[in-house]
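Architecture at a glance
Below are the chains, spelled out letter by letter.
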Amino acid sequence: MKITIRTKIIFLVSGIIAFVTILLSGSYAFMEMNDIESTLGDKALSTATYVAASPVVRDAFSAEEPSEVLQPYAERIRRQSGAEFVVIGNTDGIRYAHPDPWQIGESMVGGDNDRALLEGEAYISKATGTRGPSLRGKTPVRDQNGDIVGIVSVGFLIEDLQAAVFRRVAVLAGIALLAVACGVIGSILLSRSIKKDMYGLEPYQIANMYSERNGILKAIREGVIAIDTEGRITLINQSAAAMLGVQGSVEGRHIKEVLPSSSMDRVLESREPEYNQELQLEDTTLIVNREPIFKKGEIAGVVSSFRDKTEMMQMANTLSDIQRYSDDLRSQNHEFMNKLYALSGYLHLGRNREALQMIDEETNLQKQQASVVFGQILDPTIQAILSGKSSRASEMKVTFRVEADSQLDVLPSSIGKVQMVSVLGNLIDNALEAAGQHSAKPEVRFFVTDIADDIVFEISDNGPGLADSFETLLQKGVSTKSGTGKRGYGLSVIQHTVHELHGMLEYTFDEEGTIFSVYIPKHPHLEKKEDIS
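Residues numbered from 1 in each chain as written. Predicted model: local features only at pLDDT ≥ 70, side-chain atom pairs only at ≥ 80, totals over all residues. Heavy atoms only, no water.

**Considering the confidence of the model for the protein**
Considering every residue of the protein, the mean pLDDT works out to 81; 86% of them sit at 70 or more. Note that pLDDT drops below 50 for residues 476–489; the model gives that stretch 24 contacts with residues more than four away or on any other chain. (pLDDT = per-residue confidence, 0-100. Contact = heavy atoms within 4.5 Å.)

**Some words on unusual backbone geometry**
The phi dihedral of asparagine 276 is positive, around 55 degrees, even though this residue is not glycine. Mapping asparagine 276 onto the fold places it in strand E8 (residues 274–281). (Helix = DSSP H or I, 4+ residues; strand = E, 2+ residues; numbered from the N terminus.)

**Things to note about the packing of helix H12 (residues 380–395) against helix H13 (residues 417–438)**
Contact pair H12 / H13: the axes reach a minimum separation of 10 Å and the direction vectors enclose 25 degrees. It follows from the interaxial angle that H12 and H13 lie roughly parallel. The element H12 and its partner H13 pack so that their crossing is right-handed. Facing Thr381, Ile382, Ile385, Leu386, Lys389, Arg392 and Ala393 of H12, the residues of H13 in contact are Lys417, Met420, Val421, Leu424, Gly425, Ile428, Asp429 and Leu432. Along the lines of polarity and charge, the residues of the contact of H12 with H13 split into nine nonpolar, two polar and four charged. (Axes fitted to C-alpha atoms, helices over the stretch in contact; angles between N-to-C directions. Parallel < 35°, antiparallel > 145°, perpendicular 65-115°, else oblique. Left-handed = near helix turned anticlockwise from the far one by under 90°. Nonpolar A, V, L, I, M, F, W, Y, C, P; charged D, E, K, R; others polar.)

**With respect to the nonpolar core**
Judged by nonpolar contacts, the single largest core of 37 residues is most densely connected at Ile382, Leu386, Met420, Phe446, Phe457 and Ile459. Take this core: its biggest share by element is nine residues, from H13. Non-local contacts of isoleucine 382, meaning those with residues more than four positions away in its chain, are made with Ile377, Leu408, Leu411, Met420, Leu424, Phe446 and Phe457. Core analysis: the second largest hydrophobic core is formed by 27 residues, Ile36, Ala44, Phe156 and Ile158 among them. (Core = buried A, V, L, I, M, F, W, Y, C linked by side-chain atoms within 4.5 Å. Buried < 20%, exposed > 50% of the residue type's maximum accessible area, 1.4 Å probe, protein only.)

**A word on the sheet that holds strand E15 (residues 513–521)**
Remark on secondary structure: sheet strands pair via backbone hydrogen bonds, oriented parallel or antiparallel. Reading across from one edge, E11-E12-E13-E15-E14 is the order of the five strands in this open sheet, with mixed pairing throughout. At either end of the open sheet lies a strand with only one pairing partner, and these are strand E11 (399–402) and strand E14 (504–510). In this sheet, neighbouring strand axes are inclined to one another by 15 degrees on average, regardless of whether the strands run parallel or antiparallel. As defined by bridge partners, E14 adjoins E15 across seven bridges and the pair is classed as antiparallel. In the strand pairing of E15, leucine 505 is matched with valine 518. Docked against the sheet, H12 engages E11, strand E12 (443–449) and strand E13 (454–461), running at close to 155 degrees with respect to E11. Against the sheet, H13 engages E11, E12, E13 and E15, with an angle of about 20 degrees to E13. (Pairing = 2+ DSSP bridges.)

**Section: the pattern of salt bridges**
Close approach of charged atoms allows side chains with opposite charge to pair. A full pass over the atoms with the stated rule returns 14 salt bridges. Residue glutamate 230 is joined to arginine 232 by a salt bridge in which the shortest nitrogen-to-oxygen separation is 3.8 Å. You can call glutamate 230 exposed: its relative accessible area is 56%. Within the structure, one salt-bridge network assembled from shared partners comprises Arg401, Glu403, Glu443 and Arg445. (Salt bridge = Lys/Arg side-chain N within 4 Å of Asp/Glu carboxyl O.)

In structure tokens:
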């Protein structure tokens, strides 16, 4: 059973207040008991001393009937002092004055007169008399010669003393109960406030959410960084640390110390989100989203997510290539349907010789291409690319030839299929478009060899070449194609992918047309070649 935080706070605060209150009340009651006892004892002794020193009392002891003088005097003093009794006796302990007149002439009880009668002391004692346990002040009565002639005893009942203590403790208990009630009410209000600050969640729920958050931050590929209002990092996930090359803990450091080019402080000031912003980090371009964090209408920080733009472009290009393959299959189906219609027409017209001639031409062309593509090029990814592009070239009315001396074994595992699709797919598409739009007899040639340590691809076309310098076109967003769509990423992605494979991209142009050459080492441990284009 999980106890709610409200119950825990109420029990804790109420328990602490109750414990402290009981402890203080007990200590106070003990001290109050001693204080009242000391006060009443001093009062009893001072009253007894006052009575014993009175000339009335002293002279009464020499009278024939001391009780006639001492009884009314003792009663008057008792009423004035508030004592339970004022008793006066002779040296034998025979009473001359007592609150109960019928007790006069009887012996004093309690057995605590010796110190006064024998030793002449004035003192406070506790004893049980005719009215019960009492606190007494006793002192001797002396005559003019200083001889002890009697004793005065002034007392307060113990039960009256306890009653006085209980009255004060009762008041204290009322205050204690009020304090406990205030503590309970305060703990309820405190628990509500804490629960509100925690969005109505229990601690175990927050702990579960914290564990889930850490798991999510580790699982997502995007980098995530959060800062507070002072620009200090409060959260960074593993992907962000890997992208930024951060080692160790950076939480608590200012964002500018870790990422000098960050614009998260700008979002703190503007309080407006920023989406799909580019951030250059050395050789890497990041796509960044920044979102302000609000708490009760006030900005509490900024969270930023970012991802490598090249990865996003590669993903987009892969999807585009899949779409192109779908279009190529459609083109191939369309092209063969046209040929089947033509054959059907020849056969209906009885032109069997023309039909056979057409079949032979198509068969010879397919055998020639297939003998190279499937006989000398053994990698299935390259075979798929060439087959698809051949169909696309046929639809575009562009001659696409695979050089007869091409040869390629299965690509090593260090060269990814998606990477080859991105590089060769883009280069061949660019060549088909350049040749088809700018040449009367458009032609694209493909050559590959893996004889040496490098795998060499060459894609040539008889188009007009590049309208701008090769280095300029390698920049993101620069394109020679017309249109309003987002262009200028193909060559940039190709260049980046080739560099990832530790290879080199080269461009040449002569009278025969344009040639793009790609050199990729077979072994990834070889030193990366520099681009000499």
